[in-house]
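Residues per chain, in single letters:
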Amino acid sequence: MAISFFQRISRAVMGKSRVDDNTLDAIEEALVESDMGVDTTLKIIDNLEERVSKDKYMSFDALVAQLRDEISKLIDDDEQAIDYSKKPYIILVVGVNGVGKTTTIGKLAYMLSKQGKKVILGAADTFRAAAVDQLTIWAERAGVDIVKQAMGSDPASVAYDTLASATANNVVLLNDCTITGACYAVNNGGADNTVIAI
């Protein structure tokens with residue numbers, strides 16, 4: 001079972017009364033293991049080190065709050081408006097098992113539909129048990145359409161069918177299909193001027 005980022009942080013600081021170099025090393029390791037990326041991790045750690053040098057006796061809650069603040073600042077700094085002018089707009093979500101791809105897609109679908117976007121989901125994760133069912137539930141919750149096939153189907157065919165079903169007004173979210181299969185479907189799906197976000 002995968003452990004969450006904050007569970008890793010909790011383990012790193014458990015039983016410690018102050019944040020020291022070992023704690024910061026453990027936080028750095030947790031950030032890297034959570035796919036934050038090296039550059040992002042180093043920015044966060046540098047800012048935490050600066051804060052810790054001022055206040056050595058930071059509680060776990062204060063540390064978590066500081067981490068959230070640092071991550072939020074980085075997101076706000078890099079925040080760019082998404083250009084939906086290319087139609088259909090395609091978002092391909094890929095990642096290792098257990099990182100929350102399907103849940104993220106569900107939340108994105110809900111958010112985008114509330115913004116007035118017409119969203120269609122492509123359930124291309126056809127090999128993980130219950131993945132299609134899980135995405136179907138998210139589609140129902142978000143009130144969006146979904147394209148799906150039976151378990152074990154070719155993910156590229158799901159991607160192709162999703163793009164074939166999309167209109168010029170859709171935002172398409174494809175779940176965890178193989179990168180090669182998805183790109184093949186995009187190139188042969190007649191979806192010119194599309195963007196794939198990986």
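Up top is the structure these notes are about.
Residues numbered from 1 in each chain as written. Predicted model: local features only at pLDDT ≥ 70, side-chain atom pairs only at ≥ 80, totals over all residues. Heavy atoms only, no water.

Re the overall build of the chain
Thought 1: The number of helices and strands found in the chain is 8 helices and 5 strands.
Thought 2: Taken from N to C terminus, the helices and strands of the chain fall in the order α-α-α-α-β-α-β-α-β-α-β-α-β.
Thought 3: For the chain, the proportion of its 198 residues judged to be buried stands at 37%.
Thought 4: Counting contacts in the chain only where the partners sit at least 6 residues apart, residues at least 24 apart contribute 67% of the total.
Thought 5: Surface accessibility of the chain: about 11,200 Å² in total, with carbon and sulfur atoms responsible for 49%. (Helix = DSSP H or I, 4+ residues; strand = E, 2+ residues; numbered from the N terminus. Buried < 20%, exposed > 50% of the residue type's maximum accessible area, 1.4 Å probe, protein only. Contact = heavy atoms within 4.5 Å. Areas by Shrake-Rupley, 256 points an atom, 1.4 Å probe, with all protein chains shown as cover.)

As for the pattern of salt bridges
Thought 1: One pass over the structure, following the stated rule, counts 3 salt bridges.
Thought 2: Residue Asp69 is joined to Lys73 by a salt bridge in which the shortest nitrogen-to-oxygen separation is 3.7 Å. Highlighted residues: Asp69 and Lys73, both in helix α4 (residues 60–78), separated by 4 residues, approximately one helical turn.
Thought 3: Among the ionic pairs, Asp145 bridges to Lys118, the shortest N-O distance being 3.4 Å. (Salt bridge = Lys/Arg side-chain N within 4 Å of Asp/Glu carboxyl O.)

Things to note about a negative patch on the surface
Thought 1: Side chains of Asp21, Asp25, Glu29, Asp46, Glu49 and Glu50 sit close together on the surface and give a patch of like negative charge.
Thought 2: Mapped onto the negative patch, the elements with two or more residues apiece are α2 (21–33) and α3 (38–54).
Thought 3: Of note, Asp25 is situated in helix α2.
Thought 4: A relative accessible area of 47% places Asp25 in the partly exposed class. (Patch = residues over 30% accessible without salt bridge, like charges linked within 9 Å, V, L, I, M, F, W, Y side chains within 5 Å. Lys, Arg positive; Asp, Glu negative; His and termini not counted. Charge placed at Lys NZ, Arg CZ, Asp CG, Glu CD.)

A closer look at helix α7 (residues 155–165)
Note: α-helices contain 3.6 residues per turn, so residues at a spacing of three or four share the same orientation.
Thought 1: Among the residues of α7, those classed as buried are Pro155, Ala156, Val158, Ala159, Thr162 and Leu163. When α7 is viewed along its axis, its buried side chains cluster within an angular range of 160° and face the same direction. (Arc of directions from axis to C-beta.)

Quick notes on the packing of helix α5 (residues 101–114) against helix α6 (residues 131–142)
Thought 1: α6 packs onto α5 with a crossing angle of 20° between their chain directions and a minimal axis gap of 9 Å. Judged on the interaxial angle alone, α6 and α5 are roughly parallel. By crossing handedness, the relation of α5 to α6 is classed as right-handed. Contact residues: α5 offers Thr102, Thr103, Ile105, Gly106, Lys107, Ala109, Tyr110 and Ser113, while α6 offers Gln134, Leu135, Trp138, Arg141 and Ala142.
Thought 2: Its residues assigned to classes, the contact of α5 with α6 shows 6 nonpolar, 5 polar and 2 charged. (Axes fitted to C-alpha atoms, helices over the stretch in contact; angles between N-to-C directions. Parallel < 35°, antiparallel > 145°, perpendicular 65-115°, else oblique. Left-handed = near helix turned anticlockwise from the far one by under 90°. Nonpolar A, V, L, I, M, F, W, Y, C, P; charged D, E, K, R; others polar.)

What about the side chain of Ser153?
Thought 1: In this fold, Ser153 is placed in the loop between β3 (145–147) and α7.
Thought 2: Setting aside residues up to four positions removed in sequence, Ser153 forms contacts with Thr126 and Phe127.

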